[in-house]
Amino acid sequence: MRLDLVAGAAAAAWFGPAAAPVARPVAAAFRIPRKLPAGSGVALTFDDGPHAHGTPAVLEALDAWHAVATFFLVGEQVERHRALAAEIVAAGHTIGVHGYRHTLLLRRCPGAVRDDLRRARDVIGSVTGTEPWLYRPPYGVFSGPALLDIRRLGWRPLLWSRWGRDWQAGATPEGIAARVTRGLGDGDVVLLHDADHYSSPDSWRRTVAALSIVLAEAAAAGLPLTAPSQST
Ligand SMILES: [Zn+2]
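Attention here is on the structure that accompanies the text. (Residues numbered from 1 in each chain as written. Predicted model: local features only at pLDDT ≥ 70, side-chain atom pairs only at ≥ 80, totals over all residues. Heavy atoms only, no water.)

Brief notes about the coordination of the zinc ion
Part 1 of the reasoning: Protein-derived coordination of the zinc ion comes from Asp 48 (OD), His 98 (NE2) and His 102 (NE2), at a distance range of 2.0 to 2.2 Å.
Part 2 of the reasoning: In the primary structure, the donors to the zinc ion are separated according to the pattern D-x49-H-x3-H. A residue pair is termed long-range when its members are at least 10 positions apart, and Asp 48 in the loop between β1 (42-47) and α3 (54-64) and His 98 in the loop between β3 (94-97) and α6 (110-128) qualify at 50 residues. One exposure class covers both Asp 48 and His 98, and it is buried. (Donors = N, O, S within 2.8 Å, 3.2 Å for Na, K, Ca; no water. Helix = DSSP H or I, 4+ residues; strand = E, 2+ residues; numbered from the N terminus. Buried < 20%, exposed > 50% of the residue type's maximum accessible area, 1.4 Å probe, protein only.)

This is the structure:
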């Protein structure tokens with residue numbers, strides 16, 4: 001019985017925050033934000049890059065609307081596309097860490113996660129000339145030890161409140177845009193992907209096509225686009 005309790009407590013400590021992307025109460029309990037504070041506007045976020053084609057196309061679409069966004073970069077992709085990572089920052093966008101490798105944290109021991117996070121920090125920091133402070137795990141799934149470690153690093157976790165499901169093979173630009181914009185409001189954080197490294201091939205093309213619709217609709221609705229602020 002006692003062993004069961006110990007095992008149960010260990011499992012809770014390990015898996016506790018894992019459901020945060022799909023369960024608001026879990027996100028709240030572990031203080032993992034899904035939205036920005038009221039009055040912030042809408043934050044578009046792009047995971048999994050940089051990507052040789054997807055990232056420039058997303059940057060071009062954002063530039064056409066003078067829009068800012070946040071890019072959660074993967075360390076191993078930053079090493080392959082250094083100039084693109086630097087270009088994101090030069091264009092005025094915000095950088096977040098999405099790990100060095102795009103691996104589910106629940107499958108990795110705390111030591112491996114610790115090494116991955118620091119390797120990601122070092123690569124992303126040196127290539128972009130920024131000090132990373134924002135973090136989103138692969139698939140949005142935290143483990144308990146990883147969440148503790150990112151707080152130890154002084155990073156802030158950020159999930160999302162809306163997604164386009166743009167990684168799915170059957171996604172269409174219209175469908176992605178509709179999922180993002182239906183009910184879109186102040187404080188929403190939108191999950192999209194500028195890369196297909198870990199999703200269906202060429203998914204970034206559908207994302208880019210959807211992005212034009214999203215940007216036009218956000219502008220028509222008078223919703224300002226923003227990025228998370230380190231000071232709030
Ligand atoms: Zn990802």
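Structural notes on the pairing of β1
Part 1 of the reasoning: The element β1 is extensively covered by neighbouring structure, given that six of its six residues are classed as buried.
Part 2 of the reasoning: The alternating pattern of β1 places Val 42, Leu 44 and Phe 46 and Ala 43, Thr 45 and Asp 47 on opposite faces, both of which are buried.
Part 3 of the reasoning: Here β1 runs beside strand β7 (residues 189-193); their pairing, made up of five bridges, is parallel. In the strand pairing of β7, Asp 47 is matched with His 193. (Pairing = 2+ DSSP bridges.)

Considerations on the pairing of strand β2 (residues 70-73)
Part 1 of the reasoning: Of the two faces of β2, the one lined by Thr 70 and Phe 72 and the one lined by Phe 71 and Leu 73 are each fully buried.
Part 2 of the reasoning: By the bridge criterion, three bridges tie β1 to β2 in an arrangement that is parallel. Within β2, the residue paired with Asp 47 across the bridge is Phe 72.
Part 3 of the reasoning: Tracing the backbone out of β1, into α3 and back to the parallel element β2 gives a crossover that is right-handed.
Part 4 of the reasoning: Here β2 pairs with β3 via four bridges, running parallel. Bridge pairing links Leu 73 to Val 97 in β3. (Right-handed = clockwise from strand over helix to strand, strands pointing away.)

A short note on the environment of Pro 33
Part 1 of the reasoning: Structurally, the position occupied by Pro 33 is in the loop between α2 (24-29) and β1.
Part 2 of the reasoning: In this structure Pro 33 comes out as partly exposed when scored by relative accessible area, which is 33%.
Part 3 of the reasoning: With 128 residues separating them along the chain, Pro 33 and Ser 161 place their C-alpha atoms 9.0 Å apart.
Part 4 of the reasoning: For Pro 33, the residues in contact, after removing those within four places along its chain, are Pro 157, Leu 158 and Leu 159. (Contact = heavy atoms within 4.5 Å.)

Some remarks on helix α9 (residues 203-220)
Part 1 of the reasoning: The end-to-end C-alpha separation of α9 is 26 Å, in line with the 26 Å expected for 18 residues at 1.5 Å each.
Part 2 of the reasoning: Among all positions in α9, only Ser 203, Trp 204, Arg 206, Thr 207, Val 208, Ala 210, Leu 211, Val 214, Leu 215 and Ala 218 are buried.
Part 3 of the reasoning: Elements in contact with the buried residues of α9: β1, α3, α8 (173-181), β7 and β8 (225-226).
Part 4 of the reasoning: Where α9 terminates, the next one or two residues include Gly 222, which has phi positive at roughly 75 degrees. (Expected span 1.5 Å × (residues − 1).)

Topic: helix α5 (residues 82-90)
An α-helical segment advances 3.6 residues per turn. Residues three or four places apart therefore align on the same side.
Part 1 of the reasoning: Listing the buried residues of α5 in full gives Leu 84, Ala 85 and Ile 88. What you see down the axis of α5 is that its buried residues fit within an arc of 105 degrees, all on one side. Exposed residues on α5 whose side chains face more than 90 degrees from its buried face are Ala 83 and Ala 90.
Part 2 of the reasoning: Buried residues belonging to α5 abut α3, β2, α4 (75-80), β3 and α6. (Arc of directions from axis to C-beta.)

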